[in-house]
2 protein chains.
Amino acid sequence: MIKLNKIKQLQEILIKNKIDAYLITTGDYHNSEYISDYFKTRAYMSEFTGSAGMLLVLQDKAYLWADGRYHIQAQKQINESVIQLMKQGLTGVPSIFEFIKKELKENSTLAFDGKVVPANMILSLKNILPHINLKYEQDLINQIWEDRPVLPFSLLYKYEEFFTGKSFKDKLNDIRTEMKNNKCDYHILTKLEDQAWLYNLRANDVLHTPVFLSFTIINENQCHLYIDIRKIDKNIEKYLRENDVIVHDYFEFFEIVKTISHKTILLDENIVSYYVYNNLKLNNIIKNRQNPSILLKAIKTPAEIENTKNAHIKDGVAFTKFMYYVKTNIPTNNSLTELSVQEYLENQRRNQHSFVDLSFETICAYKDHAAMMHYSASKDSNAILKPEDFLLVDSGGHYLDGSTDITRTLALGPLTDTQKLHFTTVLQSVIALSEAVFLKGCKGVNLDILARGPIWKLLIDYKCGTGHGIGHLLSVHEAPNGFRWQIVPERNDSSVLVPGMITTNEPGIYLENKYGIRIENELLCVEKATNEFGEFLCFETITYAPIDLDAINVNLLNQQEKDWLNNYHKDVYDKISPFLETEEQEWLKEYTRAI
Amino acid sequence: MIKLNKIKQLQEILIKNKIDAYLITTGDYHNSEYISDYFKTRAYMSEFTGSAGMLLVLQDKAYLWADGRYHIQAQKQINESVIQLMKQGLTGVPSIFEFIKKELKENSTLAFDGKVVPANMILSLKNILPHINLKYEQDLINQIWEDRPVLPFSLLYKYEEFFTGKSFKDKLNDIRTEMKNNKCDYHILTKLEDQAWLYNLRANDVLHTPVFLSFTIINENQCHLYIDIRKIDKNIEKYLRENDVIVHDYFEFFEIVKTISHKTILLDENIVSYYVYNNLKLNNIIKNRQNPSILLKAIKTPAEIENTKNAHIKDGVAFTKFMYYVKTNIPTNNSLTELSVQEYLENQRRNQHSFVDLSFETICAYKDHAAMMHYSASKDSNAILKPEDFLLVDSGGHYLDGSTDITRTLALGPLTDTQKLHFTTVLQSVIALSEAVFLKGCKGVNLDILARGPIWKLLIDYKCGTGHGIGHLLSVHEAPNGFRWQIVPERNDSSVLVPGMITTNEPGIYLENKYGIRIENELLCVEKATNEFGEFLCFETITYAPIDLDAINVNLLNQQEKDWLNNYHKDVYDKISPFLETEEQEWLKEYTRAI
């Protein structure tokens, strides 16, 4: 009955303050992909714990919007006598904007915490609903949430230039050059990954993303960092001082944006919060541009590339040891489970030198579990592994050298012809994209069909992109590069591909209640040749782990595909075998044999 | 010295009328791809006869902008003491807009014939140059051009519903539905192909494009046609009357647009002239939308599809007879030339039943001539054909059944390994696109790499799209479908692909001073299957003519590609051989043999 109380409490506050509706989104002050517990107001108020969703509370009703991934989970978690579920995406279900437009009369008041909603969302809303009053200054949930978690706290550490290949000052200069090109006096940077990248600093504020909560304001001469100063030890303080960074308290940022005036300000309305945007907008000219750091960060430096390749060797060793363990144990050991082998794999990564963290929550999914793209094994779901069917493992590590994201699907026993056809087709998809040669100017939208095409020929589709950019000891999902056949503007993953960008290549086949197959390598974009026809680019695969030969129907591969696989496996053996025990080496020799 | 006089005369008019600059574009009242002689003011004034270019005459200077295709030709044709050539596209050469911005002071007057310039071009110009006065009412060249050709004249004929599969009234209803969906009272239609399509009428006003000069205004109850009424005979008059079409004189259109007021008007600013747009804009609300007829026309009716396939059989017979003639004569007959075989081919088409016209000027290009994409043989250039190297033939016909566009490249003698590699790669490109299976929602930009990819792997590119839409007894280039890897908005050829659309598939390799290879088939978009993953589409190849087996290196083809070619050639033989002489049949059997 606690749910009733929370919603009821909020409704009483609404009535008292003459607010007609209160909107609770899922976000933090930084438009982060993963938000920390402090910001989980929607989950607290609705009990629905999914990674996306919006709650709208009227004075006498409450509605939760959840997307297709979460219809079942949300229905289980919310108290339907208090909150009505809106199954986003189903025909006949209005979007939250449509709903607000229909429910709220002219001159109604809609309130929300403007600090956790990106500006562009509210600008769209205002466009549709010009005659509604917006109150965005207050986080009303703070009045209700008594045992609210505190903001995350972790100490900053320096990420040495040996790993990043570029100093803070050089990066700052690059940003200032872009500010000048856009004729802007100020730049507001709120995205956490971009700031960690800029300062060559890391911390541990967000799960699996080694960043710290902060804001940055850059002008022609100064760089201001807003952060909980307790996170800064003497060394970092000295480093920041030497680099002329002016440090302020984290929350001071929200006050300072009210004082800036008569400036031209570069900011990204998709990222900066409405609160910040609107206060700046009052007295300044806003130029809505992608953060310059987005592209600068995505094009890895030579040092980042070399170090990332080292990270992939470490990661390949960890994965190969894990694969040896599973493949040699599964015929006789009947105590293996999703969670037990997942732990084995995570330990292999932890054993690697300069390991920092997992780069995301491991997906270790047996049989039909793997058909759910967002499955994560829990004590309740934990499947016992048998010597049959597929085990899909999508995992990665952060090392000081860089970050990885790899998927392999293992045959745990004999497969049917259809299973082998599906596995081999996914492999063909991976190969086709890996082998692409293309003119500079191409985007993911041009290349996606190379991977998706072979699967479409089976009249099957995977309902996600083929790949995403990946950060360097940062978020495992990074803009602006990616592979996707339909552009989704808010994802910002359709940029022109440029040498130095790293993008995953992860087509798959997912059959509900049956199985899921995915093979994922990372592709480094490199120069191929320049001639009278233009500048040609191609990819170098930098993920090194065997692709399960037990799952392949060799007869379906043409010679070119066989050559690719044999060359790839030779490369895997050469890079990984020096770091293995003798029996693992022998096994790897067999599993990287030419076919 | 006549050139000096013309420019001088215009400059005197400019001075007298206090006009600082006069802009002469290349266009007609209908934004046509090919303009008739009456409209060739730029060619008349500059002597430059290329298909694109703009002339800007100041009171004391004159400048011609020509694109890369025409730099050499323009330099030869213009009198450089009077007109300065601006080589569009070269670095350092300003665009015409940049140039006008730099040369004309505030409050200068720029004049042009607003009836032949599309509205969007002038809207862009006004955006860049808000403080310039525009005079757009008059065609000043008319005062200079004494022997100006008259407007084209040809009689209208009915294009029977047997061929089109849809009546005028049904098409008009479809357009009115789109007007209603866009909440528009009026629709202004000036594009010639769209009107010929709408009325199920054809004529012969434009070379190789069976259309007639006209304008149309549609509202809820009425349909007004503006046309030179002498083009309408008793039968057509009756047909139009029966269909409630109200006929007016052609030039009355320019007066009537000044009288329309308080309406919401659907028109396409990319097509409608600035003169028409601006007069309507004064008293009405303009909704800038693509003409509804563009998409309606591109999605062929079942009757159009069936008839088009018949056209392709006739065309395939003509081409096969031609190919037989060339391939059997070349070893011994040393009198063949580009023009002689071109004439032979055109005669084969003329011999076909219900032939109407060539669908465009034939490209018959031997050896290095074929490396020039826009080559057309003339008496001066006419090459003698020898039993060696490639002959590229790009040609097509209009039949009452429909229109065709086909390219084949023939080996006239032994080829080098590189030539065979290049031919075989172009064939692989054609096959890869032909075999695509894709989800509904795909555009050309998604699929282009299937054709371009194999050629890119040779580090070669063709500097054009892979294919274009094609009209049904209309223009051989038709919006909005096409294959292109970089979207060019003004081309309007990147729409979603829909069953019923017909698009060419014509990758190529062009090596300057060496040779050009192109293979072109037409692809009909058809439904493949619908299941839980979505609606899958694919292509049916509807061009039936042998692909020269003498030019293929079979060892480079994989089994799937061989299967495609063998199936295709079997289809060609089955469809074409019944219409051939015995010796042609035997030859075709050999040239469509399984490999």
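All values reported here derive from a predicted model rather than from experimental measurement.

Thresholds applied
Residues numbered from 1 in each chain as written. Chains lettered and ligands numbered in written order. Predicted model: local features only at pLDDT ≥ 70, side-chain atom pairs only at ≥ 80, totals over all residues. Heavy atoms only, no water. Helix = DSSP H or I, 4+ residues; strand = E, 2+ residues; numbered from the N terminus. Rg over C-alpha atoms; globule rule 2.2 N^0.38 Å. Contact = heavy atoms within 4.5 Å. Lys, Arg positive; Asp, Glu negative; His and termini not counted. Charge placed at Lys NZ, Arg CZ, Asp CG, Glu CD. Pairing = 2+ DSSP bridges. Axes fitted to C-alpha atoms, helices over the stretch in contact; angles between N-to-C directions. Buried area = accessible area lost by both parts, 1.4 Å probe. Salt bridge = Lys/Arg side-chain N within 4 Å of Asp/Glu carboxyl O. Polar contact = N/O pair within 3.5 Å; in protein donor to acceptor, adjacent residues only side chain to side chain. Nonpolar A, V, L, I, M, F, W, Y, C, P; charged D, E, K, R; others polar. Parallel < 35°, antiparallel > 145°, perpendicular 65-115°, else oblique. Left-handed = near helix turned anticlockwise from the far one by under 90°. Core = buried A, V, L, I, M, F, W, Y, C linked by side-chain atoms within 4.5 Å. Buried < 20%, exposed > 50% of the residue type's maximum accessible area, 1.4 Å probe, protein only. Disulfide = S-S within 2.5 Å. Least-squares fit on C-alpha atoms with pLDDT ≥ 70 in both. Phe/Tyr/Trp six-rings, centres within 6.5 Å; stacked < 30°, edge-to-face > 60°. Lys NZ or Arg CZ within 6 Å of the ring centre and 35° of its normal. Right-handed = clockwise from strand over helix to strand, strands pointing away. pLDDT = per-residue confidence, 0-100.

Side note on the overall build of chain A
Next, step 1: A tally of helices and strands in chain A yields 18 helices and 28 strands.
Next, step 2: In terms of overall dimensions, chain A is globule-like: its C-alpha atoms have a radius of gyration of 25 Å, near the 25 Å expected for 595 residues.
Next, step 3: In terms of its C-alpha atoms, chain A occupies a principal-axis envelope of roughly 70 × 55 × 50 Å.
Next, step 4: The long-range share in chain A, meaning contacts at least 24 apart out of those at least 6 apart in sequence, stands at 68%.
Next, step 5: Computed over 65 positive and 78 negative side-chain charges, the separation of the two mean positions in chain A equals 4 Å.

Notes on the sheet that holds strand β19 (residues 402-403) of chain A
All names here are of chain A.
Next, step 1: Judged by pairing direction, the sheet is antiparallel, and its three strands sit side by side in the order β15-β18-β19 without closing on themselves. Whereas interior strands pair on both sides, the edge strands pair on one side only; in this sheet they are β15 (355-358) and β19.
Next, step 2: By the bridge criterion, three bridges tie β15 to strand β18 (residues 397-399) in an arrangement that is antiparallel. In the strand pairing of β18, D357 is matched with H398.
Next, step 3: Running at roughly 155 degrees to β15, helix α14 (residues 338-350) makes contact with β15 and β18 of the sheet.

Here we look at the pairing of strand β28 (residues 534-541) of chain A
Residue and element names in this part refer to chain A.
Next, step 1: Relative to β28, strand β21 (residues 437-439) runs antiparallel, the two sharing three bridges. If you follow F438 over to β28, its bridge partner there is L537.
Next, step 2: From the end of strand β27 (residues 521-531) to the start of β28, which pair antiparallel, there are two residues.

Notes on the sheet that holds strand β17 (residues 390-395) of chain A
All names here are of chain A.
Next, step 1: An order of β16-β17-β20 is seen for the three strands of this open sheet, with the pairing classed as antiparallel. The two strands at the open ends of the sheet, each matched to only one other strand, are β16 (363-366) and β20 (406-411). Within this sheet the neighbouring strands show an average axis-to-axis angle of 10 degrees, counted without direction.
Next, step 2: Judged from the four bridges that link them, β16 and β17 form a sheet pairing that is antiparallel. Residue pairing across strands places A365 opposite L392, the latter belonging to β17.
Next, step 3: Those strands touched by helix α13 (residues 302-329) are β17 and β20, and its axis lies near 15 degrees from that of β20.

Here we look at the interface of chain A and chain B
Next, step 1: The interface is formed by 29 residues belonging to chain A together with 29 residues belonging to chain B.
Next, step 2: Contact between chain A and chain B buries roughly 2500 Å² in total, counting both sides, with carbon and sulfur atoms accounting for 67%.
Next, step 3: Viewed at the interface, chain B and chain A are joined by zero salt bridges.
Next, step 4: Where chain A meets chain B, there are eight residue pairs in polar contact (both at pLDDT 80 or more).
Next, step 5: Elements with a contribution of two residues or more to the side of chain A that touches chain B: β21, α16 (444-456), β25 (508-511) and β27 of chain A.
Next, step 6: A breakdown of the residues in the side of chain A that touches chain B according to their chemical character gives 17 nonpolar, six polar and six charged.

What to know about the packing of helix α15 (residues 417-434) of chain A against α16(A)
All names here are of chain A.
Next, step 1: Closest axis-to-axis distance for the α15/α16 pair is 8 Å, and the angle between their directions is 160 degrees. Put simply, α15 runs roughly antiparallel to α16. Note that α15 runs across α16; the crossing there is right-handed. In this structure, α15 uses T425, V426, S429, A432 and L433 to contact α16, whose residues at the interface are L447, L450, A451, P454 and I455.
Next, step 2: Taken together, the residues of the contact of α15 with α16 sort by class into eight nonpolar, two polar and no charged.

Some remarks on the nonpolar core
Next, step 1: If you look at the biggest cluster of nonpolar residues, it comprises 178 residues, and the most contacted ones within it are A:F438, A:L447, A:F539, B:F438, B:L447 and B:F539.
Next, step 2: Ignoring any residue separated from it by four or fewer positions in sequence, one finds B:L447 in contact with A:I449, B:L433, B:F438, B:C442, B:F483, B:L497 and B:F539.

Some words on the state of the cysteines
Next, step 1: A full pass over the atoms with the stated rule returns zero disulfides over all chains.
Next, step 2: Cysteine A:C525 shares no disulfide, and the gap to the nearest cysteine sulfur, in A:C538, comes to 7.6 Å.
Next, step 3: In this structure A:C525 comes out as buried when scored by relative accessible area, which is 2%.
Next, step 4: Summary of cysteine pairing: B:C464 is not part of a disulfide, and the nearest cysteine sulfur, belonging to A:C442, is at 15 Å.
Next, step 5: Residue classification places B:C464 among the partly exposed residues on the basis of a relative accessible area of 27%.

Section: the relation of the copies chain A and chain B
Next, step 1: Expressed as a screw transformation, the operator carrying chain A onto chain B has a rotation angle of 180 degrees and an axial translation of 0.0 Å, and the superposed copies differ by an RMSD of 0.0 Å. The transformation just described matches what one would write down for a two-fold rotation axis. The position closest to the rotation axis in chain A is occupied by the C-alpha of A:N446, lying 2.6 Å away.

Comments concerning the environment of B:K101
All names here are of chain B.
Next, step 1: By the secondary structure assignment, K101 is in helix α4 (residues 96-103).
Next, step 2: A relative accessible area of 48% means that K101 is categorised as partly exposed.
Next, step 3: K101 sits 101 residues away from R202 along the chain, and the two C-alpha atoms are 43 Å apart.
Next, step 4: Among all residues touching K101, those that are not within four sequence positions of it are I128 and L129.

Some points on the packing of aromatic side chains
Next, step 1: Taken as a whole, this structure holds 72 aromatic pairs over all chains when the rule is applied.
Next, step 2: For the ring pair A:Y136 and A:Y274, a centre distance of 5.0 Å and an interplane angle of 80 degrees mean the geometry is edge-to-face. Taken as a pair, A:Y136 in the loop between β6 (133-135) and β7 (157-158) and A:Y274 in helix α11 (residues 274-283) lie far apart in primary sequence, 138 residues in all.
Next, step 3: Judged by its relative accessible area of 2%, A:Y274 is buried.
Next, step 4: Ring geometry for B:Y29 against B:F251: centres 6.3 Å apart, planes inclined by 80 degrees, an arrangement best described as edge-to-face. Placement of the pair is B:Y29 in the loop between β1 (21-24) and α2 (41-46) and B:F251 in the loop between β12 (245-248) and α10 (252-256), with a sequence separation of 222 residues.
Next, step 5: The aromatic ring of A:F254 is capped on one face by A:K115, whose charged end is 4.9 Å from the ring centroid.
Next, step 6: The ring centre of B:Y44 lies 4.1 Å from the NZ or CZ of B:K6, which sits over that ring.

Observations regarding the pairing of strand β12 (residues 245-248) of chain A
Residues and elements named next belong to chain A.
Next, step 1: Across four bridges, the pairing between strand β11 (residues 223-227) and β12 is parallel. Among the inter-strand pairings, H224 is bridged to a residue of β12, identified as I246.
Next, step 2: As a crossover connection, the stretch from β11 through helix α9 (residues 234-242) into β12 is right-handed.

Quick look at the side chain of B:D493
All names here are of chain B.
Next, step 1: Locating D493 in the fold gives a position in the loop between β23 (478-483) and β24 (502-505).
Next, step 2: Only 2.9 Å separates the side chain of D493 from the side chain of R484, close enough to count as a polar contact.
Next, step 3: Only 3.5 Å separates the side chain of D493 from the side chain of S494, close enough to count as a polar contact.

A short note on the confidence of the model for chain A
In regions of low pLDDT, the predicted coordinates are not meant to be interpreted in detail.
Next, step 1: Of the residues in chain A, 99% reach a pLDDT of 70 or more, and the chain-wide mean stands at 96.
Next, step 2: For this predicted complex, the interface confidence comes out at an ipTM of 0.93, alongside a pTM of 0.94.

Considerations on the environment of B:L447
Next, step 1: Residue position: B:L447 is located in helix α16 (residues 444-456).
Next, step 2: With 414 residues separating them along the chain, B:L447 and B:E33 place their C-alpha atoms 26 Å apart.

Notes on the side chain of B:H248
Residues and elements named next belong to chain B.
Next, step 1: With respect to the helices and strands, the residue H248 is situated in strand β12.
Next, step 2: Among the polar contacts made by the side chain of H248, one reaches the side chain of H224 at a distance of 2.7 Å.
Next, step 3: Discounting chain neighbours no more than four positions away, the residues touching H248 are H224, L225, Y226, I227 and I229.

Thoughts on the environment of B:N219
Residue and element names in this part refer to chain B.
Next, step 1: Inspection of the secondary structure puts N219 in strand β10 (residues 214-219).
Next, step 2: Note on N219: relative accessible area 10%, which makes it buried.
Next, step 3: Contacts of N219, omitting those with residues within four sequence positions, involve R176, M179, D185 and Y186.
Next, step 4: Within the structure, the side chain of N219 is placed 3.0 Å from the backbone nitrogen of N221, a separation counted as a polar contact.
Next, step 5: A polar atom in the side chain of N219 sits 2.6 Å from the backbone nitrogen of Q222.

Some thoughts on the pattern of salt bridges
Next, step 1: Taken as a whole and judged by the stated rule, the model has 66 salt bridges over all chains.
Next, step 2: The closest approach of N and O atoms between A:E242 and A:K238, which form a salt bridge, is 3.0 Å. Of this pair, A:E242 and A:K238 both sit in helix α9, four residues apart, roughly one helical turn.
Next, step 3: When its relative accessible area of 45% is taken as the criterion, A:K238 is described as partly exposed.
Next, step 4: Residues B:R230 and B:D228 are paired through a salt bridge, measuring 2.5 Å at the closest nitrogen-oxygen approach.
Next, step 5: B:R230 sits in the exposed class, given a relative accessible area of 60%.
Next, step 6: Three or more residues joined by partner-sharing salt bridges are found here, namely A:D194, A:K297, A:K300 and A:E478.

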